[in-house]
Amino acid sequence: MIVAASLLVGLGVNAFRADLAPSGQPRRLPLVTPPKADLAAGEIVAMTEAEQLWNEGVAFFLDSRTSADYQAGHIAHAHSLPDEDFASRYGDVEPLLTRDAEIIVYCDGVECDLSHRLLEKLRALGYPRVRVLVNGWSEWRKAGLPTATGAQP
Amino acid sequence: MNLRMAGSFLAGLIVFGVAQAGAAPLLKFDNVVYDFGKTQGISTVTGTFTFQNDGDAELQIRKPAPTCGCTVAAVKPETLAPGAKGELVFSLNVGSSRGVVQKHIAVPSNDPVNPTLQLTIRVDVVQMYEITPQFFALGDLTPGTTTNVTVTVKRMDGKPLQLVSATASSEFVHTKIAEVEGSSGHASTVNIEFVAGGELRRFNEQINLLVEGQTTPISAVNVQGRIVGELAVTPERLVWGIGSLDRIPAARLETMLTRSVRITASKPGESLLLKNPVSTLKDLNVELVTLETGKTYMVVAKLSNAPKESEQGIITIDTNLPSQPQLQVPVSINVIQRR
C-alpha cells in the first residue's frame with residue numbers, strides 16, 4: 001500500500017511536468033531540418049547502387065574533402081579531388097576520365113556541400129554522369145565497406 | 001508509536017517518490033545560435049557555446065555530432081552536477097564558400113526534455129576579391145597554338161583594387177592587366193595568353209594576382225589542358241578498381257572486365273594508322289577497333305580473368321607517325337576484396 005501510494009504521487013507529479021509527454025516519455029522536440037540539398041533526383045546516387053558500382057569498378061569515386069581528410073581515411077579506390085583545390089588538382093584526375101565516365105562524388109555530413117560544388121564544376125566541364133553520394137564518407141563507413149588511408153596512389 | 005513510525009516512513013516514501021519523479025537533468029545553452037555575421041578574409045571560424053545543467057540530477061553529454069565534416073566540436077565537461085556549467089568549443093571550416101553558410105551540431109544528452117539538442121552556426125562569408133573565372137580548361141591543344149582567356153577581378157569592399165601584377169608560372173603564359181572602364185578603379189581584367197610550346201604534355205599553369213602593398217598573392221588563376229601533338233589519347237591511363245567479384249551479376253561482368261581507349265588523329269589531313277596493340281599484363285587482352293579509317297581508333301582492353309591482386313602494366317601501340325612511332329597507355333589494376 002505504501003509503495004502504491006508513492007507510485008501514485010510520482011505519477012501525479014509527472015502528469016503536471018511540462019517536459020514529459022502524457023505517456024511519460026520525454027517529448028521529442030523537432031530537430032532542425034538540414035537545409036534541403038540543392039540537388040535533383042538524378043544527381044544523387046543511392047548507397048546500394050554506389051556499392052554495386054564500386055564492386056564492379058565501373059565508376060570513379062572522387063573525394064571532395066581536403067587532402068588531409070582524404071589521407072586520414074577515404075573510400076577504397078577513391079581519388080582525391082578537393083573542391084577547394086579544384087583548379088590545381090583537376091589535372092590529377094582528368095587523365096583517368098572520359099566524358100561519359102560514371103563519377104560519384106562524396107564528402108562527409110548531411111550538410112556538407114563540397115560534393116555538390118564539385119558536381120557543378122564537373123558538369124560544367126562536360127561530365128554529365130556525375131552524382132553525389134550524400135554523406136558518403138560516414139554512410140560508407142557505417143555500412144562497413146572497404147576504406148583506405150594515405151595519399152593518392 | 002508504531003503508527004507514528006509507519007506514518008513517518010510513509011511520508012518519507014512519498015517525499016522520495018516526489019523527488020524521484022521530479023529529478024531530471026536539464027541542458028540549457030545560453031544561446032543555441034552562434035551568428036558570426038559578415039566575415040571577410042578567413043577560412044575558419046571558431047567559437048564557444050556555453051551551457052549549464054539547470055536540472056536537479058546529473059547531466060551527461062555524449063559526443064557532439066556536427067552535420068558536416070567541415071565542423072569539429074568538443075564538449076567539456078561531459079558530466080555536470082546540477083547547476084554546473086560547461087562549454088562546447090567548435091570550429092567551422094568555410095573554405096572558399098561565399099554567402100551565408102549555416103551548419104548544425106547535434107548535442108545528445110540524458111536530458112529527458114530534449115535528448116538531442118541542435119545548435120546552429122551561421123556565417124556570412126564575404127570575399128574581399130571576386131575573381132571570375134578562376135579556372136580555365138583549355139582541352140587539347142596542338143603545338144604552337146595560342147589561346148587567350150580573360151579574368152575579371154573586382155574588389156568588393158569599395159576600395160580601389162590596385163592590381164599590380166599577374167605573374168605566370170612559365171614562359172608559355174603572358175598576362176596583361178587593364179582597368180575595367182567605368183569601375184572607378186574597383187575592377188580590372190587580366191588577359192591571359194597561353195602559347196602551346198615546349199614538349200607534348202599535360203599543363204597546369206598558375207597565374208598569381210598581386211595587389212599594391214601586399215607581398216602574398218590575393219589569389220591564383222589556373223589554366224589547364226594538354227598539348228597533344230599529332231594524336232590524342234583518352235583516357236590517358238586505364239584504371240580498374242575492383243571490389244568483390246562474387247557480388248557482381250554475371251550480366252555485368254563483361255562490362256566490369258572491359259575498358260577502352262580512344263585514339264584520334266589531331267592533325268588535319270594526316271592519315272593515322274595504328275597496329276600491334278600489346279599489353280605487358282598476361283591476363284589483359286587488347287584489340288584494335290577502327291572507328292574511322294585514318295582518323296579514330298579504339299583500343300579495347302579486356303581482362304580474361306578476374307584479377308586476384310593489384311598489378312601495373314602498359315599497353316603499347318605502333319603508329320605510322322614519325323614524331324611518335326609508338327604510344328603507351330599505362331594500366332593500373334587495383335584489387336580490394338571485400339571481406
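Since we're looking at a predicted model, the values are computed, not measured. Numbering of residues starts from 1 in each chain and follows the order in which that chain's sequence is written. Each chain takes a letter, starting from A, and each ligand takes a number, starting from 1, following the order in which they are written. Thresholds applied to this predicted model are a pLDDT of at least 70 for local features of residues and 80 or more for the giving and counting of side-chain atom pairs; totals over whole chains, interfaces and linings are not thresholded and use all residues. Neither water nor hydrogens contribute to the side-chain values; these are computed over all heavy atoms in the structure.

J.: When you look at the nonpolar core in this model, what are you seeing that I'm missing?
T.: What tends to happen in soluble globular proteins is that the nonpolar side chains get buried as a cluster. Residue and element names in this part refer to chain B. In this structure, W240, I263 and I315 are the most contacted members of the largest nonpolar core, which totals 28 residues. A helix here means a DSSP run of H or I that spans at least four residues, while a strand means a run of E at least two residues long, and both kinds are numbered starting from the N terminus. Counting only elements with at least two residues in this core, the list comes to β19 (231-234), β20 (238-242), α2 (250-257), β21 (258-265), β23 (284-292), β24 (296-303), β25 (311-319) and β26 (326-335). If you tally residues by element for this core, the top one is β26, at 5 residues. We call a set of buried residues a nonpolar core when its members are Ala, Val, Leu, Ile, Met, Phe, Trp, Tyr or Cys and they connect through side-chain atoms within 4.5 Å of each other. For every residue, the accessible area (1.4 Å probe, protein chains only) is compared with the maximum for its type, and the residue is labelled buried under 20%, exposed over 50%, or partly exposed between those bounds.

J.: Sorry if this is basic, but what is going on with the environment of A23 of chain B here?
T.: Residue and element names in this part refer to chain B. By the element assignment, A23 lies in the loop between α1 (2-22) and β1 (27-29). The exposure class assigned to A23 is partly exposed, which follows from its relative accessible area of 33%. Each C-alpha atom of the pair A23 and D56 lies 5.3 Å from the other, and the pair is 33 residues apart in sequence. For this analysis, residues touch if any pair of their heavy atoms sits within 4.5 Å. The residues contacting A23, other than those within four sequence positions of it, are D56 and A57.

J.: Help me understand the confidence of the model for chain B, please; the structure alone is not making it clear to me.
T.: If pLDDT is low for a region, its predicted coordinates should not be looked at in detail. Residues and elements named next belong to chain B. Taken as a whole, chain B shows an average pLDDT of 89; of its residues, 92% reach a score of 70 or greater. pLDDT: the predictor's confidence for each residue, scored from 0 to 100. Per-residue pLDDT stays below 50 along residues 15-19; that stretch engages in 3 contacts with residues further than four places along the chain or on separate chains. The ipTM value of the predicted complex is 0.77, and its pTM value is 0.78.

J.: Even after reading the chapter, I still don't get unusual backbone geometry, so can you show me in this structure?
T.: Note on backbone geometry: most residues besides glycine have negative phi, and most peptide bonds are trans. Here the residue pair K76 of chain B and P77 of chain B is connected by a cis peptide bond, since its omega of -10° sits within 30 degrees of zero. Tracing the backbone shows P77 of chain B in the loop between β6 (71-76) and β7 (79-80). The phi dihedral of H77 of chain A falls on the positive side, at around 75°, and the residue is not glycine. Inspection of the secondary structure puts H77 of chain A in the loop between β2 (74-75) and β3 (79-80). A positive phi angle, near 55°, is found at N276 of chain B, a position not held by glycine. With respect to the element layout, N276 of chain B can be found in strand β22 (residues 274-279). Owing to a relative accessible area of 45%, N276 of chain B belongs among the partly exposed residues under this scheme.

J.: Would you explain the side chain of N135 of chain A in this entry?
T.: Relative to the elements of secondary structure, N135 of chain A occurs in the loop between β5 (130-133) and α6 (136-142). The contact partners of N135 of chain A, leaving out residues within four places of it in the chain, are C107, D108, G109 and V110 of chain A.

J.: Any chance you could explain the sheet that holds strand β18 (residues 219-227) of chain B here in plain terms?
T.: Where strands meet in a sheet, backbone hydrogen bonds hold them as pairs that are either parallel or antiparallel. Residue and element names in this part refer to chain B. Pairs of strands are assigned from DSSP output, requiring at least two bridges between the strands. Read from one edge to the other, the open sheet built from 4 strands follows the order β12-β18-β17-β14, with strand pairing classed as mixed. On the outer flanks of this sheet lie β12 (135-141) and β14 (163-168), each paired with one strand and no other. Geometrically, the sheet is characterised by an average inter-axis angle of 15° between neighbouring strands, direction not taken into account. Both β14 and strand β17 (residues 201-211) contribute to a ladder of 5 bridges, which runs antiparallel. Directly across from L163, in β17, lies its bridge partner V211. For helices, the fitted axis covers only the stretch in contact; all axes are lines through C-alpha atoms, and the angles between them, taken along N-to-C directions, range from 0 to 180 degrees.

J.: Mind showing me how you'd approach the sheet that holds strand β8 (residues 85-93) of chain B here?
T.: All names here are of chain B. Across the sheet, which stays open at both edges, the 4 strands sit in the order β1-β3-β8-β6 with antiparallel pairing between neighbours. The sheet terminates laterally at β1 and β6, the two strands that pair on one side only. Sheet twist, expressed as the average angle between the axes of neighbouring strands with direction ignored, equals 25°. As paired elements, strand β3 (residues 44-53) and β8 share 9 bridges and run antiparallel to each other. Paired with V45 across the bridge in β8 is L92.

J.: Please explain the pairing of β18 of chain B as it appears in this structure.
T.: The side chains of a regular strand alternate, first on one face of the sheet and then on the other. Residues and elements named next belong to chain B. Extensive coverage of β18 is indicated by the burial of 9 of its 9 residues. Residues S219, V221, V223, G225 and I227 of β18 are buried on one face, and the alternating residues A220, N222, Q224 and R226, pointing to the opposite face, are buried as well. Relative to β18, β12 runs parallel, the two being bridged by 6 bridges. Paired with F135 across the bridge in β18 is N222.

J.: Would you take a moment to explain the side chain of R155 of chain B for this structure?
T.: All names here are of chain B. Relative to the helices and strands, R155 is located in strand β13 (residues 146-155). Taking relative accessible area as the criterion, R155 reaches 17% and is therefore assigned buried. Whenever a nitrogen or oxygen atom comes within 3.5 Å of another N or O atom, the pair is scored as a polar contact, on the condition that within protein one atom can donate a hydrogen and the other can accept it, and that pairs from neighbouring residues in sequence are kept only if both atoms are in side chains. Reaching out from R155, the side chain makes a polar contact with the side chain of Y129 at a distance of 3.4 Å. Excluding residues within four positions of it along the chain, R155 makes contact with M128, Y129, P160, L161 and H186.

J.: Looking at this model, I keep getting lost on the environment of L284 of chain B. Mind explaining?
T.: Residues and elements named next belong to chain B. By the element assignment, L284 lies in strand β23. Accessibility expressed as a relative area gives 4% for L284, which makes it buried. Ignoring anything within four residues of it in the chain, the contact list for L284 reads W240, S279, A301, K302, L303, I315 and V331.

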